[in-house]
Amino acid sequence: MKQDSRSSASAGASKARDGFTSSFGVLAATLGSAVGLGNIWKFPYLTGTNGGAGFLIVYVCATLLVGLPVMISEIMLGRRAKSDAVTALKKLAPAGQPWWLISAFGVLSAFLIMAFYSEVAAWVFAYVFKAIGGGILSSNPQVTSSAFGKLIADPVQSLLWQWLVLALIGGILLMGVAKGIEAVTKKLMPILFLLLVVIGVRSLMLPGAMQGVSFLFTPDFSKITAGVVLTAVGLAFFKLSIGMGTMMTYGSYFRDDQNIPATTLRVMCADLFVSMLAGIAIFPAVFAFGFKPEAGPSLLFITIPAVFASMPMGQLFMVAFFILAAIASTGAMLSILEVPVSVLSERFGISRPRATVLNLLVLALFGATCALSNSSMADFKLFGMTMFDLFDFVTSNILMPLGGIFLCLFVGWVWGFERLKAALSNEGRLHNEGLVRVLLLVVRFVSPLLILVVMLKGLKLF
Ligand code: PFF
């Protein structure tokens with residue numbers, strides 16, 4: 001109980017700490033972190049390459065059995081400690097136990113993810129302008145493929161767009177948590193939903209669209225291998241921004257009266273809904289115009305423009321689509337970068353503006369390894385992968401799941417029932433003891449074991 005009283009004392013002392021100011025702000029920012037290129041780029045191409053509906057079902061199970069409990073735990077720890085992710089685990093863990101290493105590895109993950117994520121975002125931002133200019137408006141995938149190839153093989157364009165994106169994210173972060181992150185995501189999230197619904201409806205109205213819908217919703221379990229299950233679990237971590245301190249950091253900005261399990265459930269459902277909508281916007285159109293769903297990572301940049309170019313008023317929808325993707329990536333990047341920014345500024349006492357600029361400078365250099373993965377550094381490979389592919393693989397399939405396992409062990413075995421109940425019931429104001437008991441059971445046994453087995457099998461270590 002000692003650690004608990006310490007943490008609430010420090011929580012009381014840091015009244016002036018920046019944080020989310022309204023319930024809608026909490027929801028917008030947290031959902032803004034979850035919804036991103038994961039829904040619009042990763043989810044569709046992974047579903048496309050892993051057989052459609054079967055993958056979808058495994059992914060939904062992973063989200064429920066692993067994603068939800070880890071996300072609730074992370075947000076809860078963050079709010080309890082009211083500090084950056086590293087300090088949070090130092091405060092909450094018994095003295096001398098190195099649980100803070102979870103967050104230290106989280107900072108590493110944040111850099112690795114930002115390095116490749118900001119490059120995909122860079123392509124998306126570049127595509128907004130290319131779509132407006134009409135440069136990618138061709139129904140011939142060979143034309144759109146060569147346009148994409150040109151962009152990613154050009155080191156100068158790749159770097160400049162990435163730096164532009166980083167500068168934009170840095171600018172928002174400089175404004176702070178409430179005036180920056182919260183204010184921006186509150187404006188952007190409603191626009192994102194609106195655009196997605198409009199594009200989804202348009203796509204469903206195309207002749208032949210039902211083939212795409214049935215691809216998304218008729219399962220074929222013969223394609224499900226251990227590797228596919230690991231991919232689905234990795235996607236659940238990546239999608240919900242968990243296992244690396246992001247949700248702990250955002251949790252520290254949650255208000256004390258926020259119902260954490262309810263908010264988390266809402267975010268999870270809305271995030272799934274966005275992925276479905278993205279699938280519904282993409283696959284019917286892909287099938288309607290005779291394209292292949294298993295194009296891989298380039299689905300968004302080669303197939304989609306060709307699909308839009310094939311439909312009436314295609315340019316308008318294409319511009320809307322890439323604006324939507326740009327918006328989605330912005331909310332996610334804000335949350336990824338907030339992890340190291342808050343650690344530097346709170347733990348190491350560096351001012352927030354300096355911490356932000358410092359992180360950006362490091363990322364501008366480090367991210368170049370991903371920006372140049374298709375040009376100057378295409379031959380620079382480790383374990384047979386370019387830095388872009390390697391960082392993506394290592395974070396989703398190793399670092400985030402490992403972070404998830406240790407978080408579960410910490411909450412389930414070190415924290416225990418009483419603290420969990422106090423934190424999740426808002427000190428007894430909510431009556432959710434049954435839910436707390438189920439959560440404890442899941443984080444003690446189900447989630448960590450499941451992640452471990454899936455990881456070992458998926459990586460062929462067992
Ligand atoms: N959840 C984001 C997406 O699906 O695009 C990606 C992401 C954000 C991953 C924040 C990790 C993170 F910490």
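Being a predicted model, the structure only gives us computed values, none of them experimental.

Peer 1: Sorry, what's going on with the site of the ligand here?
Peer 2: The environment of the ligand is made up of 17 residues, and the closest members are Gly 38, Tyr 117, Phe 238, Lys 239 and Thr 246. In this structure, a nitrogen atom belonging to the ligand sits 3.1 Å away from a main-chain N or O atom of Ser 33. In this structure, Gly 38 approaches the ligand through a main-chain N or O atom, which is 2.7 Å from an oxygen atom. Residue composition of the shell around the ligand, by class: nine nonpolar, seven polar and one charged.

Peer 1: Explain the nonpolar core to me, please; I cannot follow it from the model alone.
Peer 2: A general trend in soluble globular proteins is that nonpolar side chains are found buried together. In this structure, Leu 77, Phe 301 and Phe 321 are the most contacted members of the largest nonpolar core, which totals 161 residues. Each residue touching Phe 301, except ones within four places of it in the same chain, is listed here: Trp 41, Val 120, Trp 123, Val 124, Tyr 127, Thr 144, Phe 148 and Phe 322.

Peer 1: How should the side chain of Ser 373 be read in this particular structure?
Peer 2: Mapped onto the elements of the fold, Ser 373 is located in the loop between α17 (368-371) and α18 (387-424). Its relative accessible area of 2% is what places Ser 373 among the buried residues.

Peer 1: Help me understand the state of the cysteines, please; the structure alone is not making it clear to me.
Peer 2: Using the criterion set out here, one finds zero disulfides in the structure. With no disulfide of its own, Cys 408 lies 17 Å from the sulfur of Cys 61, the closest cysteine sulfur. Owing to a relative accessible area of 1%, Cys 408 belongs among the buried residues under this scheme.

Peer 1: I tried to follow helix α11 (residues 226-239) on my own but got confused; where do I start?
Peer 2: Owing to its 3.6 residues per turn, the α-helix brings residues three or four apart onto one side. An ideal rise of 1.5 Å per residue puts 20 Å on 14 residues; α11 measures up with 20 Å between its terminal C-alpha atoms. The buried count for α11 comes to 10 of 14 residues, which makes it a mostly enclosed element. Ser 241 sits one or two positions beyond α11 and adopts a positive phi of about 55°.

Peer 1: Whenever I open this one, the environment of Val 156 confuses me. Can you help?
Peer 2: Tracing the backbone shows Val 156 in helix α8 (residues 155-174). Assessed through its relative accessible area of 54%, Val 156 is described here as exposed. Note: C-alpha distance between Val 156 and Ala 178 (22 residues apart in sequence) is 35 Å.

Peer 1: Help me understand the confidence of the model for the protein chain, please; the structure alone is not making it clear to me.
Peer 2: Mean pLDDT over the protein chain: 93, with 97% of residues reaching 70 or higher. When the criterion is pLDDT under 50, residues 1-14 qualifies, and its contacts beyond four places in sequence or with other chains add up to 17 contacts.

Peer 1: Explain the environment of Asn 39 here, please?
Peer 2: Relative to the elements of secondary structure, Asn 39 occurs in helix α3 (residues 37-49). Once the C-alpha coordinates of Asn 39 and Leu 235 are considered, the two residues, 196 residues apart in sequence, prove to be 9.6 Å apart. Dropping the residues within four chain positions of it, Asn 39 is found in contact with Ala 34, Pro 44, Lys 239, Asp 271, Val 274, Ser 275 and Ala 278. A distance of 3.0 Å separates the side chain of Asn 39 from the side chain of Asp 271, its partner in a polar contact. Within polar-contact distance, the side chain of Asn 39 engages the side chain of Ser 275 at 3.0 Å.

Peer 1: What am I meant to see in the packing of helix α4 (residues 53-81) against helix α13 (residues 260-288) here?
Peer 2: A pair of packed helices can be characterised by two numbers: the angle between their axes and the separation between those axes. In the contact formed by α4 and α13, the axes pass within 10 Å of each other and the chain directions differ by 145°. In this structure, α4 crosses over α13, and the sense of that crossing is right-handed. Here Leu 56, Tyr 59, Val 60, Thr 63, Leu 64, Leu 68, Met 71, Ile 72, Ile 75, Met 76 and Arg 79 of α4 come into contact with α13, specifically with Ile 260, Pro 261, Thr 264, Leu 265, Val 267, Met 268, Asp 271, Leu 272 and Met 276. For the contact of α4 with α13, the residue count by class is 16 nonpolar, two polar and two charged.

Peer 1: Teacher, can you tell me more about the packing of aromatic side chains here?
Peer 2: The relation between two aromatic rings is expressed through the spacing of the ring centres and the mutual angle of the planes. For the structure on display, the rule yields 25 aromatic pairs. Summarising the aromatic geometry, the rings of Phe 43 and Tyr 59 are spaced 5.8 Å apart at their centres and angled 50° between planes, so their arrangement reads as tilted. In this pair, Phe 43 is assigned in helix α3 and Tyr 59 in helix α4, connecting sequence segments 16 residues apart. Like Phe 43, the residue Tyr 59 is buried in the burial classification.

What counts, and at which threshold
Residues numbered from 1 in each chain as written. Predicted model: local features only at pLDDT ≥ 70, side-chain atom pairs only at ≥ 80, totals over all residues. Heavy atoms only, no water. Near = heavy atom within 4 Å. Polar contact = N/O pair within 3.5 Å; in protein donor to acceptor, adjacent residues only side chain to side chain. Nonpolar A, V, L, I, M, F, W, Y, C, P; charged D, E, K, R; others polar. Core = buried A, V, L, I, M, F, W, Y, C linked by side-chain atoms within 4.5 Å. Buried < 20%, exposed > 50% of the residue type's maximum accessible area, 1.4 Å probe, protein only. Contact = heavy atoms within 4.5 Å. Helix = DSSP H or I, 4+ residues; strand = E, 2+ residues; numbered from the N terminus. Disulfide = S-S within 2.5 Å. Expected span 1.5 Å × (residues − 1). pLDDT = per-residue confidence, 0-100. Axes fitted to C-alpha atoms, helices over the stretch in contact; angles between N-to-C directions. Left-handed = near helix turned anticlockwise from the far one by under 90°. Phe/Tyr/Trp six-rings, centres within 6.5 Å; stacked < 30°, edge-to-face > 60°.

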